[in-house]
Amino acid sequence: MTPLSSHPEQNIIRVQLRHNVLLKDLSESDRSELEAHLVIVDGNKGDFLLRQGVREMEQYFILDGILKRVVSNPEGKEMILRFADENDMETSYAASRLNTPTPYGIVCVTKARVASLPLKEWIDFLHRRADAKELFEYCVMRGMSEIMAHTITLHLLDAPGRVHRFLRKHPELVDRIPSKELASYLNLSAETLSRLRKRGKI
């Protein structure tokens with residue numbers, strides 16, 4: 001974990017941040033203020049950025065790689081709620097506003113790099129910038145809507161239908177997510193996903 005201001009690749013990272021869905025329209029002064037709070041975190045596949053059930057929450061801006069939002073039960077059974085890649089973000093905003101522990105974990109699907117800051121600092125930053133706050137809340141609601149649609153899909157579509165929907169909705173992720181992770185997200189076994197591919201069903 002390295003502050004952006006002292007990171008050896010800070011110039012490249014600043015360019016990457018300019019492409020983030022939440023940050024691309026910030027003014028130079030706003031961008032400079034925010035960047036002073038950012039730290040850069042490099043994670044390997046399987047690393048937790050955020051654990052389910054904690055109250056110390058962060059705001060993440062994804063620079064490289066893919067993250068997943070997951071919930072798990074005490075027995076360790078896991079459900080993947082969503083994937084997010086470069087230029088996207090991850091957050092526990094709803095839990096923060098409700099003053100509850102975060103209901104999910106955030107895990108690196110691949111080797112990943114994120115810029116992060118404490119969620120309270122991000123919320124304070126937004127409260128002084130109405131346009132940025134409106135965009136952020138829209139992105140949060142869109143993400144929640146996508147998770148709801150995905151959950152409904154798991155109940156209403158058969159296995160090929162679930163795969164086809166993912167291919168249609170997220171073509172940019174298909175070849176980047178390990179088959180085991182994609183199968184889990186679609187509530188399939190890795191063997192079933194492989195069989196569908198071999199039979200030309202997908």
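Refer to the preceding data block for the structure.
The present account deals with the structure reproduced in this document. (Residues numbered from 1 in each chain as written. Predicted model: local features only at pLDDT ≥ 70, side-chain atom pairs only at ≥ 80, totals over all residues. Heavy atoms only, no water.)

## A closer look at the environment of Leu-119
Here is step 1 of the chain: Examined against the element boundaries, Leu-119 turns out to sit in helix α4 (residues 119–127).
Here is step 2 of the chain: Residues Leu-119 and Met-57, spaced 62 residues apart in sequence, show a C-alpha to C-alpha distance of 5.6 Å.
Here is step 3 of the chain: Apart from the residues within four sequence positions on either side, Leu-119 is in contact with Met-57, Glu-58, Gln-59, Thr-91, Ser-92, Tyr-93 and Ser-96. (Helix = DSSP H or I, 4+ residues; strand = E, 2+ residues; numbered from the N terminus. Contact = heavy atoms within 4.5 Å.)

## Concerning the packing of α4 against helix α5 (residues 130–156)
Here is step 1 of the chain: In contact at an axis separation of 7 Å, α4 and α5 are set at 125° when each is read in the N-to-C sense. Between α4 and α5, the angle falls in the class oblique. Judged by residue contacts, Trp-122, Leu-126 and His-127 of α4 engage Ala-130, Ala-132, Lys-133 and Phe-136 from α5. (Axes fitted to C-alpha atoms, helices over the stretch in contact; angles between N-to-C directions. Parallel < 35°, antiparallel > 145°, perpendicular 65-115°, else oblique.)

## What to know about the environment of Leu-63
Here is step 1 of the chain: For Leu-63, the position within the fold is in strand β4 (residues 58–64).
Here is step 2 of the chain: A C-alpha to C-alpha distance of 7.1 Å links Leu-63 and Leu-17, two positions 46 residues apart in sequence.
Here is step 3 of the chain: With sequence-adjacent residues up to four places away left out, Leu-63 is seen in contact with Ile-13, Gln-16, Leu-17, Ile-40, Glu-86, Arg-113, Val-114 and Ala-115.

## Section: the packing of aromatic side chains
Here is step 1 of the chain: Scanning all chains against the criterion turns up seven aromatic pairs.
Here is step 2 of the chain: Ring plane angle 80° and centroid distance 4.9 Å describe the contact between Tyr-93 and Phe-136, whose orientation is recorded as edge-to-face. One end of the pair, Tyr-93, is in helix α3 (residues 93–98); the other, Phe-136, is in helix α5, and 43 residues separate them in sequence.
Here is step 3 of the chain: Classification of Tyr-93 as buried rests on a relative accessible area of 8%.
Here is step 4 of the chain: Assessed through its relative accessible area of 0%, Phe-136 is described here as buried.
Here is step 5 of the chain: Between Trp-122 and Phe-136, the aromatic rings sit 5.6 Å apart at their centres with planes inclined by 85°, giving edge-to-face as the arrangement. Of this pair, Trp-122 sits in helix α4 while Phe-136 is found in helix α5, placing the two residues 14 residues apart along the sequence. Phe-136 shares its class with Trp-122; the two are buried.
Here is step 6 of the chain: An aromatic cluster of at least three residues, connected via ring pairs, comprises Phe-61, Tyr-93, Trp-122, Phe-125 and Phe-136.
Here is step 7 of the chain: The cationic tip of Arg-51 hangs over the ring face of Phe-48; the distance from NZ or CZ to the ring centre is 4.2 Å.
Here is step 8 of the chain: Note that Arg-69 overlies the ring of Tyr-104, its terminal NZ or CZ placed 4.3 Å from the centroid. (Phe/Tyr/Trp six-rings, centres within 6.5 Å; stacked < 30°, edge-to-face > 60°. Buried < 20%, exposed > 50% of the residue type's maximum accessible area, 1.4 Å probe, protein only. Lys NZ or Arg CZ within 6 Å of the ring centre and 35° of its normal.)

## Considering the pattern of salt bridges
Here is step 1 of the chain: The full count for this structure, using the stated rule, is 15 salt bridges.
Here is step 2 of the chain: A salt bridge links Asp-88 to Arg-82; its shortest N-O distance comes to 3.2 Å. For the pair Asp-88 and Arg-82, one class covers both residues: buried.
Here is step 3 of the chain: Arg-82 is paired through a salt bridge with Glu-90; the nearest N and O atoms lie 2.9 Å apart. Taken as a pair, Arg-82 and Glu-90 share a single burial class, namely buried. (Salt bridge = Lys/Arg side-chain N within 4 Å of Asp/Glu carboxyl O.)

Take it as geometry only, folks, not as evidence of what the structure does.
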